[in-house]
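Next come the chains, spelled out residue by residue.
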Amino acid sequence: LRLTVAPRRTPREAAVVASIAVGVATLLGIPVWWLTAKLVWPTGWRVTLFFGAHVALAIVYALAWLTLDLGLTHALLPDPYFRRKLASMHWEMLLGLWVYGLIAGVSYAIRARGDLEIQRRVAEHASAVAAQAQLTALRAQLNPHFLFNALHSLGTLARRDVKRLDDALE
């Protein structure tokens, strides 16, 4: 069993390593966000194609992340950090796959939330329009009754008191 001790990092070097990893993941996350708008969540048998496309895209993402991460680490940090990253490439690749899945999953969740909000607003609007239509229909039913009642009252006044009928008509 051979243990290798990693070189101690200064706070500056740790910040550079973290900034490289997070910065590259973030920049590569922008196309993932865009792709989630183009690759809509399917139904039926297309689910296999959908997940197959995302597996292929995850591999491309992880390779791009690994390449950029290694290149920037080699350019910005001393050689031991680069060699250590090279030795752990398989873990970095797995991490890239995981980060792609995380970014794609969050992107789909955000888009689904937005779609639900739009559907909620449309349903509220439809409900308001339906309530207004019901109110209008109710008014249309009530208006003839009021007219009928007014005419009936005027007819009664015409038989009993013509003077009050003139006042009522005015």
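Quick note: structure is the one above.
Residues numbered from 1 in each chain as written. Predicted model: local features only at pLDDT ≥ 70, side-chain atom pairs only at ≥ 80, totals over all residues. Heavy atoms only, no water.

Q: Go over the packing of aromatic side chains with me, naming the residues and quoting the values.
A: Enumeration over the complete set of coordinates arrives at seven aromatic pairs. A ring pair is formed by Phe50 and Phe51, whose centres lie 5.2 Å apart and whose planes are at 80°; its orientation type is edge-to-face. With relative accessibility at 41%, the residue Phe51 sits in the partly exposed group. Taking 6.5 Å as the distance between ring centres and 40° as the angle between the ring planes, the aromatic pair formed by Tyr61 and Trp65 counts as tilted. You can see Tyr61 and its partner Trp65 sitting in helix α2 (residues 46-76), four residues apart, about one turn around the helix. (Phe/Tyr/Trp six-rings, centres within 6.5 Å; stacked < 30°, edge-to-face > 60°. Buried < 20%, exposed > 50% of the residue type's maximum accessible area, 1.4 Å probe, protein only. Helix = DSSP H or I, 4+ residues; strand = E, 2+ residues; numbered from the N terminus.)

Q: Explain the packing of α2 against helix α3 (residues 79-87) residue by residue, including any values.
A: α3 packs onto α2 with a crossing angle of 160° between their chain directions and a minimal axis gap of 8 Å. For the element pair α2 / α3, the angle class is roughly antiparallel. As α2 runs across α3, the sense of the crossing is left-handed. Side by side, α2 and α3 meet where Asp69, Leu70, Thr73 and His74 of the first sit next to Asp79, Tyr81, Phe82, Lys85 and Leu86 of the second. Residue classes in the contact of α2 with α3 are distributed as four nonpolar, two polar and three charged. (Axes fitted to C-alpha atoms, helices over the stretch in contact; angles between N-to-C directions. Parallel < 35°, antiparallel > 145°, perpendicular 65-115°, else oblique. Left-handed = near helix turned anticlockwise from the far one by under 90°. Contact = heavy atoms within 4.5 Å. Nonpolar A, V, L, I, M, F, W, Y, C, P; charged D, E, K, R; others polar.)

Q: How would you explain the environment of Leu165 if you had to name every residue and give the values?
A: Structurally, Leu165 can be placed in helix α5 (residues 162-169). The buried category is assigned to Leu165, whose relative accessible area is 14%. When the C-alpha atoms of Leu165 and Leu154 are compared, they prove to be 6.4 Å apart, with eleven residues separating the residues in sequence. When near neighbours in sequence (up to four residues on either side) are disregarded, Leu165 contacts Leu154, Leu157 and Ala158.

Q: Just give me the short version of the pattern of salt bridges, but keep the residues and values in it.
A: Between side chains of opposite charge, pairing is possible as soon as their charged atoms come close. On inspection of all chains with the given rule, the structure shows three salt bridges. Residue Arg121 pairs with Glu117 through a salt bridge whose shortest N-O separation is 3.4 Å. Of this pair, Arg121 and Glu117 both sit in helix α4 (residues 89-160), four residues apart, which is roughly one turn of that helix. We classify Arg121 as exposed; its relative accessible area is 52%. A salt bridge links Arg120 to Glu124, with the nearest nitrogen and oxygen atoms 2.5 Å apart. Here Arg120 pairs with Glu124, and both are found in helix α4, just four residues apart, close to one helical turn. For Arg120, a relative accessible area of 37% puts it in the partly exposed group. The class of Glu124 is partly exposed, set by a relative accessible area of 46%. Linked by salt bridges that have partners in common, Glu117, Arg120, Arg121 and Glu124 make up one network. (Salt bridge = Lys/Arg side-chain N within 4 Å of Asp/Glu carboxyl O.)

Worth remembering: the numbers are spatial, not functional.
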